[in-house]
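# Observations on the three-dimensional arrangement
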Amino acid sequence: MLSPRVLFALALAACSPSGTPAPAPAPVPASAPVGPARAAPAPGRGAQVFVDVSESIRGFTSARSATLQTLHAQVIEASLSALQLNNPFQRCAVDTAVHCEAPQLTAQQARLPATYRGGYSALHLALRRPPRAPRADLQQPDPLDPYNLTVLVTDGFQSTSTPFQPGASGDVACTAGADPSCLAALLRQRVEEGYGLWVGRLILPFDGRYFAERHLDPPMWARITQHVAALNTSPEWNGVHFAASAPAMSGESGAFRWQGARPLLVFVLTRDIPRGRLFVGEMQRRLAVERITLRHSPADIAFSEWSPFEGLNARTLSAARNESGGAADSVIVDRPIRQGETLLIPTHCDVHGQARIRLDGVIQFGSMPPPPIAAVTLSWQSPAPLDGFFLMPREPMRTLPGPFTVRTGIDCRQLPPGTRDYAFGLFGQWTVNPAVMAAEWFTTGSAETSYDSPEKVFGLADLARTVIAAGINRQGYLDRVTLRVTRQ
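Residues numbered from 1 in each chain as written. Predicted model: local features only at pLDDT ≥ 70, side-chain atom pairs only at ≥ 80, totals over all residues. Heavy atoms only, no water.

## Points about the state of the cysteines
Under the convention used in this document: By convention in this document, the label disulfide applies to cysteine sulfur atom pairs within 2.5 Å. Exposure categories follow from relative accessible area, calculated using a 1.4 Å probe and restricted to protein chains: below 20% of the type maximum is buried, above 50% is exposed, and the middle band is partly exposed.
Scanning the entire structure with this criterion turns up three disulfides. Between Cys-174 and Cys-182 runs a disulfide, and the two sulfur atoms are separated by 2.0 Å. Judged by the sign of its S-S torsion, about 90°, the cystine formed by Cys-174 and Cys-182 is right-handed. In this structure, Cys-174 and Cys-182 share a single accessibility class: buried.

Next up, the structure:
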């Protein structure tokens, strides 16, 4: 013989979805991203630009090319000016140290080959938060917080003997230098602190020394020349001629002359998320006009938002008894009360009460919908175990904007007299979509070694995967409901 609990579940499943129509969706108030809230200081003022001046950048310059000057003056500076983000403004050179002192690097100097003389670029010094000092007067300022927006321009990261460490802290990952592990750890920390992060890639003409930063041997050089031959027959690079020559087969620089194309990266960080999006959009607009990339093609310009990934809010707006007649008439659902992030639904019943309760609500996207790289799932869950007298909503939830209707229920026939709360809510879980990640430009444009694919960025896929996961991977309740049942 079936138990009363099983009979109740079967009865609810067989009930028709009759009831009052759902109310028109009301605007959903903005809510914090799913996950723990992070207290963050307000954005600072103005903007700063960190420019990698290591020797590996020199191949982007020539006596006749104004590409880098145009990038800094007509794209970055002009975009900052258009958004009134240029007061104050500073441009810092980054080689083995960060140089922000006067006289500062100018946009005109950015075009000169002589500007790029650094042995390597200590990019981590531009991103790393200083350690906490024992006294406030000894505390070194953070390199980012005083400014509203920070731009970092580089051609890539150091190649070290340390394998990639996706979970390492900045203190651990940066001991060997500004390699992909180090930059991933520091950018992940900034994302966790509430910074928005955008990354752009520009394919530019290149003719100069490329530094593999490791000893080259004949088999490695053969691999490089084979790769050049493949590039020169690839439809993707139609019209572009690649060449590799003059390798340094002794020493650890692994330098050789590279002709053809190389990527330049632009990182943008700010706590002012709307302003960051406007700035990146303005840069893209100006890049399309200036046509400084190699093929003057949209394929040469790619930007992605790596953080934040908000884009989804949900609210339960109303509750009512789903049907009338019989045992349902012994269940009275009072007007719900919104208490912060919880919708409280007072319900009264007697020993004969048994009914479903209809919940109507709405899902709305934020300023941007969740990107394809973020897989979002929604389900109704309870933070604590519930007894069998309560029916959890079972309707599937779509991650699309619009109204939703779900049904819960209560069986008062087995409840003891008194008041009890049934707490549940709409639970969101965000994960990285691996198929979409594999097709993104920062994955397909990533090199597995530091020497055989200079037209790509060594270690970019590992860095992107780590940083993006820090912004996406989270879970928590978008909205909470408490059914407060008083059995008379």
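Back to the write-up after that little detour.
## Regarding the nonpolar core
Across soluble globular proteins, you tend to see nonpolar side chains buried next to one another. Formally: To qualify as a nonpolar core, a set must consist of buried Ala, Val, Leu, Ile, Met, Phe, Trp, Tyr and Cys residues joined through side-chain atoms within 4.5 Å. We call two residues in contact when some of their heavy atoms are within 4.5 Å.
The biggest cluster of nonpolar side chains holds 71 residues, and the ones touching the most others in it are Phe-157, Leu-197, Phe-267, Trp-306, Trp-380, Phe-442 and Ile-468. Discounting residues that sit within four places of it in the chain, Trp-380 has contacts with Thr-316, Met-392, Pro-393, Glu-395, Met-397, Phe-404, Val-406, Phe-424, Gly-425, Leu-426 and Val-481. Of all hydrophobic cores here, the second largest spans 52 residues; its members include Leu-71, Ile-76, Leu-204 and Ile-301.

## Observations concerning the pairing of strand β5 (residues 196–211)
Keep this limit in mind: A run of DSSP states H or I qualifies as a helix once it reaches four residues; a run of E qualifies as a strand once it reaches two. Both are numbered from the N-terminal end. Note on pairing: DSSP must find at least two bridges between two strands before they are called paired.
Among the 16 residues that make up β5, twelve are buried, leaving the element largely enclosed by the rest of the structure. Relative to strand β8 (residues 301–307), β5 runs antiparallel, the two being bridged by six bridges. Considered in β8, the bridge of Val-199 is made with Ser-304.

## Description of helix α5 (residues 180–192)
So the rule is basically this: Helix span is expected to be 1.5 Å times the residue number reduced by one.
Between its first and last C-alpha atoms α5 spans 18 Å; for 13 residues at 1.5 Å apiece the expected length is 18 Å, and the two agree. Of all 13 residues that make up α5, eleven are buried, and the element is covered over most of its length. Listed in full, the buried residues belonging to α5 are Pro-180, Ser-181, Cys-182, Leu-183, Ala-184, Ala-185, Leu-186, Leu-187, Arg-188, Arg-190 and Val-191. Looking one or two residues past α5, Gly-194 carries a phi angle of roughly 105°, positive in sign.

## Quick word on the sheet that holds strand β9 (residues 313–321)
Strand order in the open sheet formed by four strands is β9-β13-β16-β15, and the pairing between neighbours is antiparallel. The two strands at the open ends of the sheet, each matched to only one other strand, are β9 and β15 (390–391). Relative to strand β16 (residues 402–411), β15 is paired through two bridges, and the arrangement is antiparallel. When the sheet's bridge partners are listed, Leu-391 is paired in β16 with Gly-409.

## Points about the packing of aromatic side chains
As a reminder of what qualifies: Any two of the Phe, Tyr and Trp rings considered here, Trp counted by its six-membered ring, make a pair once their centres fall within 6.5 Å; the pair's planes then place it as stacked at under 30 degrees, edge-to-face at over 60, or tilted in between. The rule is short: NZ of Lys or CZ of Arg within 6 Å of the ring centre and within 35 degrees of the ring normal puts a charge over the ring.
Tallied over the full model, the rule gives 14 aromatic pairs. Judged by centre distance (5.1 Å) and plane angle (80°), the rings of Phe-427 and Tyr-477 are edge-to-face. Note that Phe-427 is positioned in strand β17 (residues 418–432) and Tyr-477 in strand β20 (residues 474–487), a separation of 50 residues in sequence. Feature note: the residues Tyr-210, Trp-221, Trp-237, Phe-242, Phe-256 and Trp-258 constitute an aromatic cluster, connected by ring pairs. Lying across the ring of Phe-206, Arg-262 places its NZ or CZ 5.0 Å from the centre. The residue whose ring lies beneath Arg-474 is Trp-430, and the NZ or CZ to ring-centre distance is 4.5 Å.

## Looking at the packing of helix α2 (residues 67–82) against helix α7 (residues 273–290)
Using the following cut-off: Lines fitted to C-alpha atoms define the axes here, with helix axes fitted over just the stretch in contact, and angles between the N-to-C directions of these axes take values from 0 to 180 degrees. An angle counts as roughly parallel when it lies under 35 degrees, as roughly antiparallel when it exceeds 145, as roughly perpendicular when it falls between 65 and 115, and as oblique in every other case. Note on convention: the crossing is left-handed when the near helix lies turned anticlockwise from the far helix by less than a right angle, right-handed when the turn is clockwise. Nonpolar residues are Ala, Val, Leu, Ile, Met, Phe, Trp, Tyr, Cys and Pro. Charged residues are Asp, Glu, Lys and Arg, and all others, Gly as well, are polar.
The geometry of α2 relative to α7 is characterised by a closest axis approach of 9 Å and an angle of 140° between their N-to-C directions. Judged by the inter-axis angle, α2 sits oblique to α7. Of the two possible hands of crossing, α2 and α7 adopt the one that is right-handed. In this structure, α2 uses Thr-70, Leu-71, Gln-74, Val-75, Ile-76, Ala-78, Ser-79, Leu-80 and Ala-82 to contact α7, whose residues at the interface are Phe-279, Glu-282, Met-283, Arg-286, Leu-287 and Glu-290. Classifying every residue of the contact of α2 with α7 gives nine nonpolar, three polar and three charged.

## Considering the pairing of strand β7 (residues 255–270)
Taken residue by residue, a regular strand's side chains alternate between the two faces of the sheet. Extensive coverage of β7 is indicated by the burial of 14 of its 16 residues. Bridge analysis of β5 against β7 gives 16 bridges, and the strand direction is antiparallel. Along β7, the bridge assignment pairs Phe-206 with Gly-260. Of the pairings in the sheet, the one linking strand β6 (residues 243–245) to β7 comprises three bridges and is antiparallel in character. From the neighbouring strand, Ala-243 faces β7, where its bridge partner is Gln-259.

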